[in-house]
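The primary structure of each chain is shown beneath.
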Amino acid sequence: MLNGKRILLIISGGIAAYKSLELIRTLKKSGASVRCILTQGGAQFVTPLSVAALSEEQVYTDLWSLKDETEMGHIRLSRECDLIVVAPASANIIARIANGLADDLASTTILASDKPVMVCPAMNPQMWENAATKSNIETLKKRGVIISGPAAGEMACGEIGYGRLLEPDVILSAITDFFFADKPLAGLKAIVTAGPTFEPIDPVRFVGNRSSGKQGYAIAKALSDLGASVTLVTGPTNEDAPSGIKTICIETARQMLESCQKLLPSDIAVCAAAVADWTPETYQNSKIKKTSDTSVTLKMTQNPDILSTLSKSVEKRPHLIVGFAAETDNLVDNARMKLLKKGCDWIVANSVSPENPVFGADENQVYFITSDKVEEWPRATKDDVARKLAARIVEFFNQDKAKHAAE
Ligand code: C5P
């Protein structure tokens, strides 16, 4: 699925242009948004109206259109996309891109773009075999342009050879590969909890803790960068909501638990939040008044344990559950005990002794603990710890896949 991906489709001249209509439908169906540029040649084969109707967007055709240029200039067109796809790409547009021409809207947009470009050639087999085209294709490849196709077969002109535009579903899978080939967690759902919880005493007071949320946010980002579909469930922090990651803001442990349970089933759960173990037994609807008493007693009751609840859920247990442990004494022994008691798969343990201030810091030194090993990871930024943990998660799912394949 290409959910949220923005494709700028350039349709150049050629009998295969009719397939671009099907390509627009295929891309839209897979969740992408599609904006189109139709070259003069392309407009000989498909009409701007059909392209606009299928893409549900205005179609751009003319570099010199005052209206288009003021509404959506070629610079914006070239930047507001995740991938430019030229399909069909005629020998002519390939030559113009290779030589850096900027003599129409399509070539100017490509020249002005800092986005990746995929070219799907379609032409007569002799034109494809011509040394000029071959050299242009080599030039484009050297510049990192992705060349998809052409396929072999019978041409509209009756000749047989390489020159057919790839079928729309094949172009879709080339685009999907481009976006997700280096995204080993694509297709997996992850829940990450982060930050503290605030347990209210009365309308103005609460019991909280010093967790900054930095480690959890970094983990959410690292998993998302590897293609996982991440939902971050976070207590109050000063961190900016990470872009592209669905974020649910909660205050109390109960709200965090409810949000996590609603997100099941999920493949991965990483509980990095510093959840308050206790919450005031009763919530006072009005602000508690100061009296002449010199002391006050706050009766607390235990909060639900989110990590334990997820780990012990029978029907919808996430496939891999990672907990955190912040300890002041006997770090590794206590963390191992926690792993067993809570029933999670891995624990990332850090010492919160005064010599190792973790809360709010940008660095962390952790132990990575599973049922059969303990690894001491060197001190590193929280971003690096997150990336290392995400790499372990990739390994876990790769091994899991290999195990299933062998069965
Ligand atoms: O028991 P302790 O708080 O040390 O355990 C830490 C781990 O358990 C962390 O992964 C934390 O997110 C999780 N936890 C939880 N719900 C609680 C308490 C802790 O999910 N109520």
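Cut-offs and rules
Residues numbered from 1 in each chain as written. Predicted model: local features only at pLDDT ≥ 70, side-chain atom pairs only at ≥ 80, totals over all residues. Heavy atoms only, no water. Helix = DSSP H or I, 4+ residues; strand = E, 2+ residues; numbered from the N terminus. Expected span 1.5 Å × (residues − 1). Buried < 20%, exposed > 50% of the residue type's maximum accessible area, 1.4 Å probe, protein only. Contact = heavy atoms within 4.5 Å. Salt bridge = Lys/Arg side-chain N within 4 Å of Asp/Glu carboxyl O. Phe/Tyr/Trp six-rings, centres within 6.5 Å; stacked < 30°, edge-to-face > 60°. Pairing = 2+ DSSP bridges. Right-handed = clockwise from strand over helix to strand, strands pointing away. Near = heavy atom within 4 Å. Polar contact = N/O pair within 3.5 Å; in protein donor to acceptor, adjacent residues only side chain to side chain. Areas by Shrake-Rupley, 256 points an atom, 1.4 Å probe, with all protein chains shown as cover. Axes fitted to C-alpha atoms, helices over the stretch in contact; angles between N-to-C directions. Parallel < 35°, antiparallel > 145°, perpendicular 65-115°, else oblique. Left-handed = near helix turned anticlockwise from the far one by under 90°.

1. Focus on helix α1 (residues 17-29)
Taking 1.5 Å of rise per residue, the 13 residues of α1 would be expected to cover 18 Å, and the 19 Å separating its terminal C-alpha atoms lies within 8% of that figure. Where α1 is concerned, the buried positions are Ala17, Lys19, Ser20, Leu21, Leu23, Ile24, Thr26 and Leu27. Looking at the buried side of α1, the elements it contacts are β1 (6-11), β2 (33-38), α2 (48-55), β4 (83-89), β8 (160-164) and α9 (168-180). Positive phi appears at Gly31, one or two residues downstream of α1, with a value of about 100 degrees.

2. Some points on the pattern of salt bridges
Applying the stated criterion across every chain yields a total of 24 salt bridges. Taking the shortest distance from any N to any O, the salt bridge between Asp103 and Arg96 comes out at 3.1 Å. By relative accessible area, Asp103 is classed as partly exposed at 48%. Note that Glu167 is salt-bridged to Arg164, the shortest N-O span being 3.7 Å. Using a relative accessible area of 29% as the deciding quantity, one classes Arg164 as partly exposed. A network of salt bridges, in which partner residues are shared, links Arg35, Glu57, Arg76 and Glu80.

3. Some details on the environment of Ala106
Looking at the secondary structure, you find Ala106 in helix α6 (residues 105-112). Considered as a pair, Ala106 and Glu376 are 270 residues apart in the sequence and their alpha carbons are 54 Å apart. Ala106 has contacts with Ile10, Ile37, Thr39 and Ile93, leaving out every residue within four places of it along the chain.

4. Quick word on the packing of aromatic side chains
Evaluated as defined, the whole model comprises 7 aromatic pairs. Seen in terms of ring centroids, Trp346 and Phe368 are 5.0 Å apart; in terms of plane orientation they differ by 70 degrees. Their pairing is edge-to-face. Of this pair, Trp346 sits in strand β18 (residues 346-351) while Phe368 sits in strand β20 (residues 366-369), placing them 22 residues apart in sequence. The same class applies to Trp346 and to Phe368, which are both buried. Of the aromatic side chains, those joined through ring pairs into one cluster are Trp346, Phe368, Trp377, Phe396 and Phe397.

5. Comments concerning the pairing of β1
Burial within β1 is extensive, with 5 of its 6 residues counted as buried. In this sheet, β2 lies alongside β1 in parallel orientation, the contact comprising 6 bridges. Directly across from Ile11, in β2, lies its bridge partner Leu38. A crossover connection joins β1 to the parallel β2 through α1; in handedness this β-α-β unit is right-handed. Pairing of β1 with β4, which is carried by 4 bridges, proceeds in the parallel orientation. Within β4, the residue paired with Ile10 across the bridge is Val86.

6. What about the site of the ligand?
In the vicinity of the ligand, the residues found are Cys271, Ala273, Val275, Asp277, Pro304, Asp305, Ile306, Leu307, Gly323, Phe324, Lys338 and Lys342. Pro304 is positioned with one of its backbone polar atoms (N or O) 2.9 Å from a nitrogen atom of the ligand. Taking Ile306, its main chain carries an N or O atom lying 3.0 Å from a nitrogen atom of the ligand. Taking 450 Å² as the accessible area of the ligand by itself, protein coverage stands at 87%. Among the elements of the structure, α12 (306-312), β17 (320-327) and α13 (331-342) are those that each provide at least two residues to the shell around the ligand.

7. Some thoughts on the packing of α1 against α9
Relative to each other, α1 and α9 sit at 50 degrees, their axes nearing to 9 Å. When the axis of α1 is compared with that of α9, the two are oblique. Here the hand of the crossing between α1 and α9 comes out right-handed. From α1, Lys19, Glu22, Leu23, Thr26 and Leu27 reach across to α9, where they touch Pro168, Ile171, Leu172 and Ile175.

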